[in-house]
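# Coordinates in review
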Amino acid sequence: MTVLKVTTYPETVLAKVAQPLTRFGPEEQKLFDDMIETIHDEEGVGIAAPQVGISKRIFIACPTVKEGEEYVIVNPEILEESGRQCVAEGCLSLPGGFSAEVPRAKKVRFRYQDRHGKSQEMTVTDFFARIIQHENDHINGKLFIDRIDFNTRQELLAQYHSA
């Protein structure tokens, strides 16, 4: 497995809506494994394909941060959201410890394909729900900074650019 280079803001791939994945062959399996290796190397809980420069609807979620407990999420579709929570979020694509309070649903039900292309459905809450929404934003061309108020965003970006 290979640790991939994490794409950082303002790279254009981070602002594009990613394309669906239609093949689940050896090349895609290697990409999934490389993304899993990268998430652990970065000590993250989620990483989306655009964050490694690939505009595909793929992300890895690992709320426990334990090797072997990763979820490969392909072509997800959020079906239902409920509740609200506002918690600080950071992002591997905005390195340096930058974070902001981001409003998200507390509970999410979604459909996706697993690493073998098999359709799955899952309901998650709290931290896991936050990861799903954050990574789903990435494959839709959004960063957490797109979900915060204008003034907070401008302040955070000014700090980011001067770091």
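Residues numbered from 1 in each chain as written. Predicted model: local features only at pLDDT ≥ 70, side-chain atom pairs only at ≥ 80, totals over all residues. Heavy atoms only, no water.

As a further point, take the environment of R84. Along the chain, R84 falls in the loop between β3 (71-82) and β4 (85-89). Leaving out residues up to four positions away in the same chain, R84 has contacts with P103, R104, A105 and K106. (Helix = DSSP H or I, 4+ residues; strand = E, 2+ residues; numbered from the N terminus. Contact = heavy atoms within 4.5 Å.)

Below, the discussion takes up the pattern of salt bridges. In this structure the tally under the stated criterion is 12 salt bridges. E77 serves as the salt-bridge partner of R111, at 3.1 Å between the closest nitrogen and oxygen. Placement of the pair is R111 in strand β6 (residues 107-113) and E77 in strand β3, with a sequence separation of 34 residues. A relative accessible area of 35% places R111 in the partly exposed class. On the basis of relative accessibility, which here comes to 41%, the residue E77 falls in the partly exposed class. Between R109 and E80 there is a salt bridge, with its nearest N and O atoms 3.3 Å apart. (Salt bridge = Lys/Arg side-chain N within 4 Å of Asp/Glu carboxyl O. Buried < 20%, exposed > 50% of the residue type's maximum accessible area, 1.4 Å probe, protein only.)

A separate point is the side chain of S93. Mapped onto the elements of the fold, S93 is located in the loop between β4 and β5 (100-104). Of note is the side chain of S93, whose polar atom sits 2.7 Å from the backbone oxygen of T7. (Polar contact = N/O pair within 3.5 Å; in protein donor to acceptor, adjacent residues only side chain to side chain.)

Our next topic: helix α1 (residues 26-41). For α1, which comprises 16 residues, the first-to-last C-alpha distance of 22 Å matches the rise-based estimate of 22 Å (1.5 Å per residue) to within 8%. If you check which residues of α1 are buried, you get E28, Q29, L31, F32, D34, M35, I36, T38, I39 and H40. E43 lies just past α1 and shows a positive phi near 55°. (Expected span 1.5 Å × (residues − 1).)

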